[in-house]
Amino acid sequence: MPPRAILRASMVLLMCGWAVAEVHTTSPWAHSAETKESPSAAVPGRSNRLDVRNSTLDRVAQRKVTPGTSQAGNQTLRSATTTAVTVDAARLRDAGIRVLKGTHLILLTDVPVSAAVRELPRVFDAACPLWADYFKIDRQRYDHWRVTGCLMQDRSRFQHVGLLDQDGPKFLHGYAENGMLWWNEQPTAYYRRHLILHEGVHSFMQSMLGGSGAVWYREGMAELLATHRWDGKKLEVGRFPESRREVPMLGRIKLVQDAAGEGRALSVKQVMSIVPRDFEKNEAYAWCWALTAFLDGHPAYRQRFRGLSANVRKPDFTARLVAAYRDDWRELNDEWRFYAANLEHGYDFNRTVIRFTHAPPLPRDGKQVTIRADRGWQNTGTMLIAGVTYEISASGRYQVARQPRVWWSEPGGVSIRYYHGRPLGMLLATVYDDRHDDAADRSDTPFDPVPVGLRTEITPKHTGTLMLRINDSAGELDDNAGTLRITIRPAKPRRASE
Ligand SMILES: [Zn+2]
């Protein structure tokens, strides 16, 4: 929308009375509001009609309303979308639909107006500057951006007043088209806000960026920038949930954990190949969120990922993204496979970064290394050769938890708590095969751990870099402290009698 039209929209908004009695269109749905004034928009000062510019709503409304209901005397509200519709407040009221007005969201709802519902436009208004920051959109561009949304308990009420087409889109939870959004009411305040923000991100990206890249990126970004924390005053979006309690009903992490547990983890390539019909199941949203959260959360991949939002209108969006990671594509895929297999609330990207440097073979007389308890897989700088047997032994005492009190562990682990079926704090090893070239096609984890404890012998099936860590959740490394001393040496040849 050109600046002049934005200005006009805001002036009309200021004058609007929000007392509206009927749904009708004021312009053909195909025409652009930027270039043509609708009759009602030219008549300010009388307040019993609400115009909402939106192509879908307009198309819906045209069917509902007798031509000619747009009379002089209507007052018009413009939102920065495409065409105009007039909604009548008295008719909405009769249908049990209330209007809650924010700066960026006009919410029409038949849900009883509790405090959690009343604050929704405020939550939405708090999200817009955060989305704008993320996509580097100037304030003046989104300042007058506004969408209209229907939060519905009983869809028939919205159909009755023409806000939802009888033959309209079938959707599970929410739907966005141009500047118009629809949501089904949800049982938790968190999930209701989440869905409102999710559809809001779709609209925001479409309006501000002119596109949303590929299907996986579109849904992943909507999930990423809808995942939030709200304390009644301050909103944080793009948040990695720290606990299940923080995001009631969201369930994205559990869906990925369940799929991984059943051997159905998706590779990066498979997530990027998700098609629209896959979204009939929440699992597709979970994978798209997991991938965007990974690329946005991992310190090595974040900057390039954020820069790629400039390409959302390019038809080869995904190919450009892959090209941006050309130099570390294999490592990215391996880290993804580890992440997908070990996803947890509060996943600590900084502490699980893997250093993929090539290592020289183990010196003849062995080597000592130090491993930190508060990190994920750590490169020992040692190459182990396939078929050769090595002895790994460990010592040290380190912290593996802080609550309810400090817990100490030695390399054998503590048997009062288990993680992934092994004692918490137990030393684990893996031999990372850095020469495979099919990382993008695999979905198994390249970091299958071998328990070491205080001492073990391993004979790797493939040559690769020895990596070590202690057994703990990737979401609970920050309460660990201390180090382990590790000795790696060629195993002594066994005598025949042994
Ligand atoms: Zn969506």
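The rules behind the values
- Residues numbered from 1 in each chain as written.
- Predicted model: local features only at pLDDT ≥ 70, side-chain atom pairs only at ≥ 80, totals over all residues.
- Helix = DSSP H or I, 4+ residues; strand = E, 2+ residues; numbered from the N terminus.
- Buried ≥ 20, exposed ≤ 12 C-beta atoms within 10 Å, placed from the backbone.
- Contact = placed C-beta atoms within 7 Å.
- pLDDT = per-residue confidence, 0-100.
- Pairing = 2+ DSSP bridges.
- Expected span 1.5 Å × (residues − 1).
- Core = buried A, V, L, I, M, F, W, Y, C linked by C-beta atoms within 7 Å.
- Axes fitted to C-alpha atoms, helices over the stretch in contact; angles between N-to-C directions.
- Parallel < 35°, antiparallel > 145°, perpendicular 65-115°, else oblique.
- Left-handed = near helix turned anticlockwise from the far one by under 90°.
- Nonpolar A, V, L, I, M, F, W, Y, C, P; charged D, E, K, R; others polar.

Novice: Give me the lowdown on the overall build of the protein, citing residues and values where you can.
Specialist: Broken down by element type, the protein carries 16 helices and 22 strands. Going through the 498 residues of the protein one by one, you find that 43% of them count as buried. Restricting the contact set of the protein to residue pairs at least 6 apart, pairs at least 24 apart contribute 75%.

Novice: Outline the confidence of the model for the protein, supporting the account with residue identities and numerical values.
Specialist: Of the residues in the protein, 80% have a pLDDT of 70 or more, and the chain-wide mean is 81. Within the model, the stretch residues 1-84 combines pLDDT values under 50 with 199 contacts to residues more than four positions away or in other chains.

Novice: Just give me the short version of the pairing of strand 4 (residues 98-101), but keep the residues and values in it.
Specialist: Judged from the four bridges that link them, strand 4 and strand 5 (residues 105-109) form a sheet pairing that is antiparallel. The residue bridging L100 from the neighbouring strand is L107, located in strand 5. In sequence, strand 4 turns back onto strand 5 through a hairpin of three residues.

Novice: Tell me about helix 5 (residues 120-135), residues and numbers included.
Specialist: With 16 residues, helix 5 extends 22 Å between its outermost C-alpha atoms, agreeing within 8% with the 22 Å of an ideal straight helix rising 1.5 Å per residue. The complete set of buried residues in helix 5 reads L120, V123, F124, A126, A127, C128 and W131. Once helix 5 finishes, K136 follows within two positions and takes phi at roughly 55°, a positive value.

Novice: Please give an account of the nonpolar core that cites residues and values.
Specialist: Counting 109 residues, the largest nonpolar core has W287 and A290 as its most contacted members. Discounting chain neighbours no more than four positions away, the residues touching W287 are V256, L266, V271 and I274.

Novice: Explain the sheet that holds strand 19 (residues 450-451) to me, and be specific about the residues and the numbers.
Specialist: The four strands are arranged 12-21-18-19 in an open sheet whose pairing can be described as antiparallel. Two strands close off the open sheet at either side, each with one partner strand: strand 12 (378-384) and strand 19. Sheet topology note: the strand 12/strand 21 (residues 464-470) ladder contains four bridges and is antiparallel. When the bridges of strand 21 are listed, M383 appears paired with T465.

Novice: Would you mind going over the environment of V369 in detail, with residue names and values included?
Specialist: When you line up the elements, V369 lands in strand 11 (residues 367-372). Between the C-alpha atoms of V369 and G381, which are twelve residues apart in sequence, the distance is 8.7 Å.

Novice: Which residues make up helix 15 (residues 329-341), and what are the values?
Specialist: Between its first and last C-alpha, helix 15 extends 18 Å over 13 residues, near the 18 Å set by a 1.5 Å rise per residue. Among the 13 residues of helix 15, ten are classified as buried, and the element is accordingly described as predominantly covered. Looking at helix 15, one finds that the buried residues are L332, N333, D334, E335, W336, R337, F338, Y339, A340 and A341. Tucked inside the fold, the buried residues of helix 15 contact helix 10 (252-261), helix 11 (268-272) and helix 12 (282-297).

Novice: Please provide a residue-by-residue account of the packing of helix 8 (residues 189-209) against helix 9 (residues 215-224), values included.
Specialist: Where helix 8 contacts helix 9, the axes come no closer than 8 Å and their chain directions differ by 125°. Comparing the axis directions of helix 8 and helix 9 gives the class oblique. Handedness of the crossing formed by helix 8 with helix 9: right-handed. From helix 8, H198, V201, H202 and M205 reach across to helix 9, where they touch R218, M221, A222 and E223. For the contact of helix 8 with helix 9, the per-class residue count stands at four nonpolar, two polar and two charged.

Novice: Any details on the sheet that holds strand 11? Residues and values, ideally.
Specialist: Ordered by their spatial adjacency, four strands build an open sheet running 11-22-13-20, and the pairing between neighbours is antiparallel. Taken across any chain shown, the strands that pair with only one partner, and hence form the sheet edges, are strand 11 and strand 20 (455-458). The sheet shows a mean angle of 25° between the axes of neighbouring strands, direction not considered. Examined bridge by bridge, strand 13 (residues 390-395) and strand 22 (residues 483-490) share six bridges and lie antiparallel to one another. Its bridge partner lying in strand 22, A394 is registered against I486.

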